[in-house]
Amino acid sequence: MAVNTTPEAPLPVGEVSRLIGGWIDRLGAVWVEGQITQLSRRPGAGVVFLTLRDPSYDISVGVTCYRQVFDAVADVVSEGARVVVLAKPEWYAPRGQLSLRAAEIRAVGVGELLARLEQLKKTLGREGLFAPERKKPLPFLPQLVGLVCGRASAAERDVLENARHRWPAVRFEVRNVAVQGVHAVPQVVQAVKELDALDDVDVIIVARGGGSVEDLLPFSDEQLIRTVAQCRTPVVSAIGHEPDNPLLDHVADLRASTPTDAAKKVVPDVGEEYERVRLLRDRARRCVAALVDREERGLAHALARPSIQDPHRMIDVRGDQVTDLLDRARRCLRHQLDRADSELSHTHARVVALSPAATLKRGYAVLQKADGHAVRDPGEVTGGEALRARVSEGEFSVRVDT
């Protein structure tokens, strides 16, 4: 319920603390899950003090309980253990401090943890975070590799030594973090985000050695899984050993069975690549040699053809044919001209023989009247009429004598 206040009519601190305590009292008892980070059991004291922490969000709250409540689980609960607590929130007004008064404490068993992880796996799987099409391919030769691991850990040593043995020029950007306990999740998440923000980082390896199910729980945390799913840089999971299977393995772009295996999968081996280049070079040389041999055989076959060996042969053959055809054409034309000349001579002879001039040369004459008509009948002329007589060598005048 809201309280009406003004700068002129403020509430005293004690009244505010009292109101907060009243609101918290109305909350009632709740079941709370968390990880014990601090445990204080003073000898002879009737109250046990705990600090319960949420590793995913880096939030802690104090818990108090009577000794007999804690003694019921003292054999299975210690610092770092996950517990479920039935507690009622309490407000300590003099100090303005919130705490939980525990009435029951239950240890979270491995079976229950695995069941929760399986349920979380199904939920994230339905969201598509584990889909194969979301996996990003790793670069062939990363220039800068981001590494998230424990400080001075065997996992860090295995990754660095094996990677540099395979490719000495590879560089690493290392982020040392807590890999178990209450600080593991926020530190790993922060390290992954920092490396993903660096443009030079080509791939990120999250590595940790083996451990119990409880030790590997941070790598199945929902916050970490969602952070990795949002990374633009390919992420390789190298958590534990072959049987270990945290949820990070499913969301990562590549799962490596061990940190050493991660180094082998991320960084190529310079010796193997050199051998592969040599084999490819030999294969290319053989392919080129085979191609050259095939082309040489084809060229030799082409040069063996008659048209290539004696290129003028076809021209010479065609030239002889052209000469023969030209001679034949000339003969045909000459024959036609000779025949035409003979026919012309015969025709000319006939024309000359039949012409009036030839008749005149034989002593004949042609009588013509004054109007030029030839006289063919004696009845066509009269006595004393002047006529013209035309002979072979000329003409003269005559007169008809009756």
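Residues numbered from 1 in each chain as written. Predicted model: local features only at pLDDT ≥ 70, side-chain atom pairs only at ≥ 80, totals over all residues. Heavy atoms only, no water.

### As for the overall build of the chain
Just so we agree on the cut-off: The helix and strand labels rest on DSSP assignments: H or I over at least four residues marks a helix, E over at least two residues marks a strand, and numbering proceeds from the N terminus. A radius of gyration in this sense is built from C-alpha atoms; the matching globule rule multiplies 2.2 Å by the number of residues raised to 0.38. The contact definition used throughout considers only heavy atoms, calling two residues in contact when any of these lie within 4.5 Å. In short, Shrake-Rupley with a 1.4 Å probe defines the accessible areas, and a residue's cover is counted only from the protein chains shown.
Across its full length, the chain holds 12 helices and 13 strands. On C-alpha atoms alone, the chain measures out to a radius of gyration of 62 Å, which is more than a quarter above the 21 Å that the 2.2 N^0.38 rule sets for 402 residues. Structurally, the chain occupies a C-alpha span of about 205 × 70 × 35 Å along its principal axes. For the chain, restricting intrachain contacts to residue pairs at least 6 apart in sequence, the fraction spanning at least 24 positions comes to 59%. Of the accessible surface of the chain, which amounts to about 25500 Å², a share of 55% is contributed by carbon and sulfur atoms.

### Quick word on helix α1 (residues 13–25)
Note: α-helices contain 3.6 residues per turn, so residues at a spacing of three or four share the same orientation. Short version of the rule: Multiplying 1.5 Å by the helix residue count minus one yields the expected span of that helix. Buried residues are those whose accessible area, probed at 1.4 Å on protein chains only, stays under 20% of the maximum for their type, while exposed residues exceed 50% and partly exposed ones sit between those limits.
Across its 13 residues, α1 extends 18 Å between first and last C-alpha, which sits within 8% of the 18 Å expected from 1.5 Å per residue. Within α1 the residues assigned to the buried category are Ser17, Leu19, Gly21 and Ile24. Residues of α1 that are buried make contact with β4 (82–92) and β5 (97–107).

### Describing the pattern of salt bridges
Should the charged atoms of two oppositely charged side chains come close, the side chains can pair. Applied cut-off: Only one rule defines a salt bridge in this text: a Lys or Arg side-chain nitrogen within 4 Å of an Asp or Glu carboxyl oxygen.
All chains considered together, the criterion is met by 19 salt bridges. The salt bridge involving Glu395 is made with Arg388; its shortest N-O contact spans 2.5 Å. In this structure Arg388 comes out as partly exposed when scored by relative accessible area, which is 34%. Among the charged side chains, a network of salt bridges with common partners joins Glu275, Arg278, Asp282 and Arg285.

### Points about the side chain of Thr51
Along the chain, Thr51 falls in strand β2 (residues 47–54). Non-local contacts of Thr51, meaning those with residues more than four positions away in its chain, are made with Gln35, Ile36, Thr37, Gln38, Ser60 and Val61.

### Structural notes on the packing of helix α4 (residues 154–166) against helix α8 (residues 259–266)
Rule in force here: Axis definition: a line fitted to C-alpha atoms, limited for helices to the stretch in contact. Angles are taken between N-to-C directions and run from 0 to 180 degrees. Convention used here: angles under 35 degrees read as roughly parallel, angles over 145 as roughly antiparallel, angles from 65 to 115 as roughly perpendicular, and any remaining angle as oblique. Crossing handedness is defined as follows: a turn of the near helix away from the far one that is anticlockwise and smaller than a right angle gives a left-handed crossing, while the clockwise case is right-handed.
Interaxial distance between α4 and α8 falls to 8 Å at its minimum, and their mutual angle equals 30 degrees. Our classification of the angle between α4 and α8 gives roughly parallel. When the axes of α4 and α8 are compared, the crossing they make is right-handed. For the pair α4 and α8, contact is made by Ala155, Asp158, Val159, Asn162, Ala163 and Arg166 and by Pro259, Thr260, Ala263 and Lys264, respectively.

### With respect to the confidence of the model for the chain
We count it as follows: Confidence scores here are pLDDT values: one per residue, from the predictor, ranging 0 to 100.
On average, residues of the chain carry a pLDDT of 87, and 98% of them reach 70 or more. Mean pLDDT values for the elements of the chain range from 73 in helix α12 (residues 356–361) up to 95 in strand β6 (residues 144–149).

### A look at the nonpolar core
Rules: For our purposes a nonpolar core is just a set of buried Ala, Val, Leu, Ile, Met, Phe, Trp, Tyr and Cys residues, chained together by side-chain atoms within 4.5 Å.
Val148, Val188, Val206, Phe219, Ile225, Leu248 and Val251 are the most contacted members of the largest nonpolar core, which has 29 residues in total. At the level of elements, α3 (110–126), β6, α5 (184–197), β8 (203–208), α6 (222–229), β9 (235–239) and α7 (248–251) are the ones that each hand at least two residues to this core. The dominant element in this core, judged by the number of residues it contributes, is α5, at 6 residues. Residue contacts for Ile225: discarding those within four places in its chain leaves Leu124, Leu129, Phe130, Phe219, Ser220, Leu247, Leu248 and Val251.

### A short note on empty space enclosed by the protein
Just so we agree on the cut-off: With a 1 Å grid laid over protein atoms only, a set of points is called a cavity when a 1.4 Å probe fits there but cannot get out and a pocket when it is open yet has protein on both sides within 12 Å along at least five of seven lines; lining residues have an atom within 4 Å of a point. Grid points are joined across faces, edges and corners, and a volume is the space filled by probe spheres set on the points. Each residue gets one of three labels, nonpolar for Ala, Val, Leu, Ile, Met, Phe, Trp, Tyr, Cys and Pro, charged for Asp, Glu, Lys and Arg, and polar for the others, Gly among them.
Taken as a whole, this structure holds 1 cavity of 30 Å³ or more when the rule is applied. For the largest cavity, the calculated volume is near 50 Å³. Looking at the largest cavity, the residues that line it are Arg134, Lys135, Lys136, Val228, Ala229, Val251 and Asp253. Its residues placed into classes, the lining of the largest cavity shows 3 nonpolar, no polar and 4 charged.

### Side note on the side chain of Arg208
As a reminder, the rule being used: Two N or O atoms form a polar contact when they lie within 3.5 Å of each other; inside protein one atom must be a possible hydrogen donor and the other a possible acceptor, and for residues adjacent in sequence the pair counts only when both atoms belong to side chains.
Tracing the backbone shows Arg208 in strand β8. Polar side-chain contacts of Arg208 include one of 3.1 Å to the backbone oxygen of Val179.

### Digging into the sheet that holds strand β12 (residues 386–391)
As a reminder, the rule being used: Strands qualify as paired when DSSP identifies two bridges or more between them.
Strands sit in the order β11-β12-β13 across an open sheet of 3 strands; the sheet is antiparallel. Each having just a single partner strand, β11 (366–368) and β13 (394–399) make up the two edges of the open sheet. Going from strand to strand, the sheet's axes swing by 30 degrees on average, the running direction of each strand aside.

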